[in-house]
4 protein chains.
Amino acid sequence: MRDLVEIGMGRTARRGYALHEVEIVPSRRTRSSQDVSTAWQIDAYRFDIPLLTHPTDAVVSPAAAVEIGKLGGLGVLNAEGLWARHANVEQVLDQVVETLDDQDFTALTRLLQELHAAPIRPELIAEAIKKVTEAGVTAAARVSPQRAGELTPDLLAAGVEILVVQGTIVSAEHVSRNGEPLNLKNFIADLDVPVIAGGVHDYRTAMHLMRTGAAGVIVGYGSGVASTTDSVLGIGAPMATAIVDAAAARRDYLDETGGRYVHVIADGEVDASGDIAKSIACGADAVMLGAPLAAAKEAPGKGLYWTASAAHPSLPRSRVIPAAAEDEIVDLRTLLFGPSADPDGMINLFGALRRAMAKTGYSDLKEFQKVGLSVRG
Amino acid sequence: MRDLVEIGMGRTARRGYALHEVEIVPSRRTRSSQDVSTAWQIDAYRFDIPLLTHPTDAVVSPAAAVEIGKLGGLGVLNAEGLWARHANVEQVLDQVVETLDDQDFTALTRLLQELHAAPIRPELIAEAIKKVTEAGVTAAARVSPQRAGELTPDLLAAGVEILVVQGTIVSAEHVSRNGEPLNLKNFIADLDVPVIAGGVHDYRTAMHLMRTGAAGVIVGYGSGVASTTDSVLGIGAPMATAIVDAAAARRDYLDETGGRYVHVIADGEVDASGDIAKSIACGADAVMLGAPLAAAKEAPGKGLYWTASAAHPSLPRSRVIPAAAEDEIVDLRTLLFGPSADPDGMINLFGALRRAMAKTGYSDLKEFQKVGLSVRG
Amino acid sequence: MRDLVEIGMGRTARRGYALHEVEIVPSRRTRSSQDVSTAWQIDAYRFDIPLLTHPTDAVVSPAAAVEIGKLGGLGVLNAEGLWARHANVEQVLDQVVETLDDQDFTALTRLLQELHAAPIRPELIAEAIKKVTEAGVTAAARVSPQRAGELTPDLLAAGVEILVVQGTIVSAEHVSRNGEPLNLKNFIADLDVPVIAGGVHDYRTAMHLMRTGAAGVIVGYGSGVASTTDSVLGIGAPMATAIVDAAAARRDYLDETGGRYVHVIADGEVDASGDIAKSIACGADAVMLGAPLAAAKEAPGKGLYWTASAAHPSLPRSRVIPAAAEDEIVDLRTLLFGPSADPDGMINLFGALRRAMAKTGYSDLKEFQKVGLSVRG
Amino acid sequence: MRDLVEIGMGRTARRGYALHEVEIVPSRRTRSSQDVSTAWQIDAYRFDIPLLTHPTDAVVSPAAAVEIGKLGGLGVLNAEGLWARHANVEQVLDQVVETLDDQDFTALTRLLQELHAAPIRPELIAEAIKKVTEAGVTAAARVSPQRAGELTPDLLAAGVEILVVQGTIVSAEHVSRNGEPLNLKNFIADLDVPVIAGGVHDYRTAMHLMRTGAAGVIVGYGSGVASTTDSVLGIGAPMATAIVDAAAARRDYLDETGGRYVHVIADGEVDASGDIAKSIACGADAVMLGAPLAAAKEAPGKGLYWTASAAHPSLPRSRVIPAAAEDEIVDLRTLLFGPSADPDGMINLFGALRRAMAKTGYSDLKEFQKVGLSVRG
């Protein structure tokens, strides 16, 4: 067990560490970055880079998902977002960008709330997924635990290959006095496609979610520049600690099952490329990126960013923010692989990961999870 | 006993934690927020939400107290404030708001000092309390320990149902060479209404105040955006630790008395809805809110905020601040229960509490006091 | 011994605490502030408030020293400052204030350097001291250890009653290959007036200075808004820890000598009235104030502030800063005793101390040194 | 071993301390600053001050290296920088400064990238080195580990006296599947000049580098106002801890070899003169300065600053920043030895070191490495 702090008489709390408090310390022979692999495989799907997209319409459209797939990552469509509700999404997004021009951010939130009040139309989701599969790219879509049962059949019919069940907090079993809650274990057992589920925030919920049969578990809820879950709910978990704990659950579950490896996917606190390296260094198998992708020319938000919880009808927990200025927009390939003329780690995100691994002497992601760490004050 | 730090040779200090250093960590099954109760009961009085108001005229008028009561909380009138001294309070407050327009905040403090130099008129307090009781709402009023003896008979006669004896620091016994000080135990024993008293800042003073027969004990002194007690007096107590310690006193006093449960009411460090959840999570039974209520249309301060100590004649310890801009003002119902289009936790304060409890799997406030906590660096 | 931190392999450092990390925690019965005494006595001299002035011309002129004395404190003239070098100080200070109008702060430093290049004229110091003694007020003057031997005879002849030997760091013995250094013990033994010496920064140097026969030892070097000694020299000592350590030396020296009580005077980190209370709470007998006095109408700097090291000819270690705006200037009596309409602890400095003592239940300064402390993150 | 922190279940990290967290605590007799020596000797080369320059063209030209040498330090030319690629460097730098005028810092980075795309011309390096040696000053040049083998013969032929092999991270052996990597031990064994190599960031890599036969080991990678390695790669090591660890390696290697003393040179976190004193206090034998020298009239960057990694073709890790305004530029002699009218520790850098040593009672650098340290919160 890790460091406990007595915050008052008889009450202890665990000290959690954020990614920005942690640093990677080189202590081995250096290595050429050409000799480094950033490949990642989950279930039968192999990716050149350990990248999933946070399921926000600000970053992922069907076209963006295709491009991300071609570049070696996994784009995750939000099956409850704008593409699922509006046939004319382009116009809808233009409206959002126009509202931005007034600098009235509450109005932006309100507009997103209204746009998400439109009903989900299965044929729109199906169309979106087909665009991805027809391009020869792995198709993934996200549903909330509340609507997973209702929406999944349509997604499967449309050809989704990886299902992402994602909310701020997802537990193995949701308790409800009326109505039938989602039992993830039963739900997953009935599916033929691999499921990635989360977020979880500690060892225990990670372990419970692993036991549901999920292929991957998401740690965190996309905390970063836009998310306000901590202010609104008081709930939070610094990511370095949350990732390490989930990795401990992965190890223990591997032992418990005699070999089932559940992937740990980190979704939060990535502000620059160095945080991707830190996430893997803490034990993540892959990262889920949101805001850093908003600078891609292919991102539908045109520089704007918000997380999925920005559109909650009564309690939004994400700001809608301008994440990249017009002259900072670059194409996705450059964003992921460079070359960069930006010294702040916003471009060449995965070239930077490769170089961090090389400079510390590691040749693959799994090995790199063991690199030495230092904590800053 | 909790962590002690040696600040120098032979001198130890306790490490205290503020609410912003603490986070709630979900580790159980999630729950539907419809299945959550935020009800709170003290003595014979039951409330839908664990809300008392900080006794400042910036937030509570008789009309506001009525509205707060109807919405399920408890408005506490300041029996030594403007309503107790001026018949034409509306005009008086207009004057305050006009002074604000000059952006001269020292002038605002000076004006409040002058307005509080007028004598307290019992008939005005009586009138105010009657407005509340006649609306069928529980009437509560605050007196300072210095004037409790003098003002209480009038308050009781006017029909006050809960008496709040509140100062920056209230001890069970006030020592004075001349004049007769307040002995809270004797004072409370003579009353027929429940008394809430404070603030206290540690286990020992909390315990002493519980032994006076108080129904509730206030922890803190309304520290937050306006309060400057720390700068002025050097006195302070980070709220997470102070609440945990007072909750420990509650537990020990419960044992000592074989069953008397004294409520712990937290008054400080609530900047957004998440801090309400954190206060309960640390062990509070209810919270006393000030500045977050300044955004209510019903708040007399029209967006301005100050604590009761802003008007001290020689040593004010609260700024008078603009706490909410004109376009941020919403009606009290929306402020407390939403819906919100604000992602920063300033609106839907108690919907957020309900949701925090649901997401961590707790169904009532008492249970929620046991939720897991994490500490941030 | 206090907490040691291993900053690297085989190297430990002591964790030091600044005043702003420390808070006073009330845990006793409260007391009426009329029943509190802030009196302080050193040698045969008794003061109503535990106040000495930092020996900077920005704050102390002969006239200001008289006023401070009448109000119960001790003004310390800088025997190596402008009053000691220029007959027309008023004009000289007007020049400083005019230079300020250009907002060129380097030019201000350069001007002070030039003004301090003029020779020290004993007759000017004598005149200044006589103005103080003739007003019936205790006269104190500061010399640097380098010039103590040379200047002291003139000071004594002029009637100085308390001698302050003060530099950034003063040790009991100064080592020098050529020239004769000051041996403080011999120096003090030869004098008939009490000597206050410092600054010291830890237990050991405090103890050594106590053994020289000094009546008081200064802890710190006036760190605060203006001082830059930490940036320039890398030398520093957080005040809470430094005061506690010096108080420990006082206790041990009292035991060692069977009763000689050497006063601990804290000179640094006082930004507002609460820091005075914290200094005493950590164990100081009195505080030396600089910047907070710059807001006095009687301060020669007219709102400007600098410490004595601002005028060093080759390595200045204090900025010259505007410490109080024109409309913040009040007379000294109000600054020290109120009434105040400023909520930030800049006015009514010693009324605030009195109130802090009352609210925590202490009736004199010596007792108040035992009040409970809390440390913040 | 030093303090370990458990950042999560089963994963520890070392707590590292930055220079700004550390302070020097005087605890001995003070000393006259005339009696202090700041002399430093490595191999057969003796220097009046423990100063090397960070090998960036922003700070070092051949002419600047001559001046630095005459003033007692060691200028290190970058053998892969602009002087090695362009005959008309003056014009090239004018172009950089003009681009600055547009305030487009990405354009500045891009320009540096383009300028560094020109081929290295050995005759230009030779010319530069000869300018230094002909002035009777010790000539030092820096090569990257990647190009050390290729460029060193020309450097030796040109008369280089100290070779610096420097990259962000340099290990004793670089691993590569194709091509032949640099084996530093063999490389150094074949050379007749002393080699200084680095950066290293912990005890282990420092020890390995010492075993290659290097005369000096560089700790750090020039972290400071311009460097962004932490954001881009996630790699970092707070300097106080890194220096202490390297000094521990120096001590152990001294024991292991029965007397070979390898110098520890600190390159990072020096923002003001006090940080030089802190670096030595932590155990460094000398410091490598970059940004603080940008204010020298002799610095080619004319107030601009960037580190060597600013020009990386695909992943720059340093901003190009205006480090000194036009009116802050002073000649190198004043920058190093004063007099200063700047209170912020930007001028009289080594006069400040001398004074810090005197005030804490140390007479040479080696002794000063034992001065007491305090850690701040």
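In this text the structure is predicted, and so the values were computed from the model without any measurement. (Residues numbered from 1 in each chain as written. Chains lettered and ligands numbered in written order. Predicted model: local features only at pLDDT ≥ 70, side-chain atom pairs only at ≥ 80, totals over all residues.)

## Here's the deal with the nonpolar core
Note the threshold: For our purposes the nonpolar core covers buried Ala, Val, Leu, Ile, Met, Phe, Trp, Tyr and Cys residues that link as a set through C-beta atoms within 7 Å. For every residue, the other C-beta atoms within 10 Å of its own C-beta are counted; 20 or more classify it as buried, 12 or fewer as exposed, and values in between as partly exposed. C-beta atoms are placed from the backbone. This entry defines residue contacts through backbone-placed C-beta atoms, with two residues in contact when those atoms are within 7 Å.
Ranked by internal contacts, the top residues of the largest apolar core, which has 560 residues, are Ala141(A), Val217(A), Val217(B), Val217(C) and Val217(D). The contacts of Val217(A), once residues within four sequence positions are left out, are Ala197(A), Gly198(A), Val200(A), Ala206(A), Leu209(A), Met210(A), Ala246(A), Val262(A), Val264(A) and Ile265(A).

## Quick notes on the pairing of strand β10 (residues 195-200) of chain A
Residues and elements named next belong to chain A. Convention followed: Secondary structure elements follow DSSP: runs of H or I of four or more residues count as helices, runs of E of two or more count as strands, with numbering from the N terminus. Being paired, for any two strands, means DSSP has found at least two bridges between them. Crossover handedness is defined here as right-handed if the route from the first strand over the helix to the second strand goes clockwise, with the strands pointing away from the viewer.
Most of β10 sits inside the fold, with six of its six residues counted as buried. One ladder, built from four bridges, connects strand β9 (residues 162-166) with β10; its direction is parallel. Its bridge partner lying in β10, glutamine 166 is registered against glycine 198. Where β10 lies against strand β11 (residues 216-223), four bridges are found, and the strand directions are parallel. Residue isoleucine 196 lies in a different strand from β11, and its bridge partner there is glycine 216. Crossover β10 to β11 through helix α7 (residues 203-210) is right-handed.

## Concerning the relation of the copies chain B and chain A
Basically, it comes down to this: Least squares is the method for superposing the copies, and the C-alpha atoms it fits come from residues with pLDDT of at least 70 in both.
You can overlay chain B on chain A at an RMSD of 0.0 Å; the transform is a turn of 90° with a shift of 0.0 Å along its axis. Put plainly, the chains are arranged around a four-fold axis. Distance from the rotation axis, computed per C-alpha, reaches its smallest value in chain B at Gly377(B): 5.6 Å.

## Some words on the interface of chain C and chain B
Definition in use: Following the grouping adopted for this structure description, the nonpolar residues are Ala, Val, Leu, Ile, Met, Phe, Trp, Tyr, Cys and Pro, the charged ones are Asp, Glu, Lys and Arg, and the polar ones are all others, Gly among them.
Each partner contributes residues to the interface: chain C has 49 residues there, and chain B has 48 residues. Going through the elements one at a time, β3 (22-24), α9 (239-257), α10 (273-282), α12 (349-359) and β16 (373-375) of chain C are the ones with two or more residues in the side of chain C that touches chain B. At six residues, the largest contribution of residues to the side of chain C that touches chain B is made by α10(C). Among the residues forming the side of chain C that touches chain B, the class breakdown is 20 nonpolar, 14 polar and 15 charged. Note: strand β2 (residues 11-15) of chain B against β16(C), two bridges, orientation parallel. Its bridge partner being in β16(C), Arg15(B) is matched across the sheet by Val375(C).

## A look at the sheet that holds strand β13 (residues 286-289) of chain D
Residue and element names in this part refer to chain D. Quick reminder of the rule: Helix axes are fitted to C-alpha atoms over the stretch in contact, other axes to C-alpha atoms as well, and angles between N-to-C directions run from 0 to 180 degrees.
Reading across the sheet, the eight strands line up as β6-β13-β12-β11-β10-β9-β8-β7 and stay open at both edges, with parallel pairing between neighbours. Each end of this open sheet is capped by a strand with a single partner; those strands are β6 (51-53) and β7 (76-78). On average, adjacent strands in this sheet sit at an angle of 30° to one another, irrespective of strand direction. Across three bridges, the pairing between β7 and strand β8 (residues 140-143) is parallel. Counted as the bridge partner of asparagine 78 is arginine 142 from β8. Across the sheet, helix α5 (residues 148-158) is in contact with β8 and β9 (162-166); its angle to β8 comes to roughly 160°. Sheet strands in contact with helix α9 (residues 239-257) are β10 (195-200), β11 (216-223) and β12 (263-268), and its direction is about 165° off that of β12.

## Brief notes about the relation of the copies chain C and chain B
Mapping chain C onto chain B leaves a residual RMSD of 0.0 Å; the transformation is a rotation of 90° accompanied by 0.0 Å of translation along its axis. Mapped onto chain B, only 2% of the interface residues of chain C are again interface residues, and the two copies thus contact each other with different surfaces.

## Notes on the sheet that holds strand β8 (residues 140-143) of chain C
Residue and element names in this part refer to chain C. Here eight strands make up an open sheet; going across it, the order is β6-β13-β12-β11-β10-β9-β8-β7 and the pairing parallel. Looking at which strands have only one partner, the edges of the open sheet turn out to be β6 (51-53) and β7 (76-78). On average, adjacent strands in this sheet sit at an angle of 30° to one another, irrespective of strand direction. Against the sheet, helix α5 (residues 148-158) makes contact with β8 and β9 (162-166), and its axis sits at roughly 160° relative to β8, the strand it touches most.

## Some details on α5(C)
All names here are of chain C. Buried residues of α5: Ala148, Leu151, Thr152, Asp154, Leu155 and Ala158, and no others. Against α4 (122-134), β8, β9 and α6 (184-189) lie the buried residues of α5. Two residues or fewer past α5, glycine 159 is found with a positive phi of approximately 105°.

## Quick notes on the packing of α7(A) against helix α9 (residues 239-257) of chain A
Residue and element names in this part refer to chain A. Going by this rule: Throughout, the term roughly parallel applies to angles under 35 degrees, roughly antiparallel to angles over 145, roughly perpendicular to angles from 65 to 115, and oblique to all others. Throughout, a crossing is termed right-handed when the near helix is turned clockwise from the far one, and left-handed when it is turned anticlockwise from it by less than a right angle.
Contact geometry for α7 and α9: axes closest at 8 Å, N-to-C directions at 40°. Compared by their axis directions, α7 and α9 come out oblique. Handedness of the α7/α9 crossing: right-handed. Contacts between α7 and α9 pair Tyr203, Ala206, Met207 and Met210 from the former with Asp245, Ala246, Ala248, Ala249, Asp252 and Tyr253 from the latter. Residues that form the contact of α7 with α9 fall into these classes: eight nonpolar, no polar and two charged.

## Some details on the confidence of the model for chain A
Defined as follows: One confidence number per residue, pLDDT, is output by the predictor and ranges from 0 to 100.
Summing up the model confidence of chain A, the mean pLDDT is 94 and the portion of residues at 70 or higher is 99%. This prediction of the complex comes with two scores: 0.96 for pTM and 0.95 for ipTM.

## Topic: the interface of chain B and chain A
Taken together, the contact between chain B and chain A spans 48 residues of the former and 47 residues of the latter. Secondary structure elements with two or more residues in the side of chain B that touches chain A: β3 (22-24), α9 (239-257), α10 (273-281), α12 (349-359) and β16 (373-375) of chain B. Among the elements that take part in the side of chain B that touches chain A, α10(B) stands out by supplying six residues, more than any other. Residues that form the side of chain B that touches chain A fall into these classes: 20 nonpolar, 14 polar and 14 charged.

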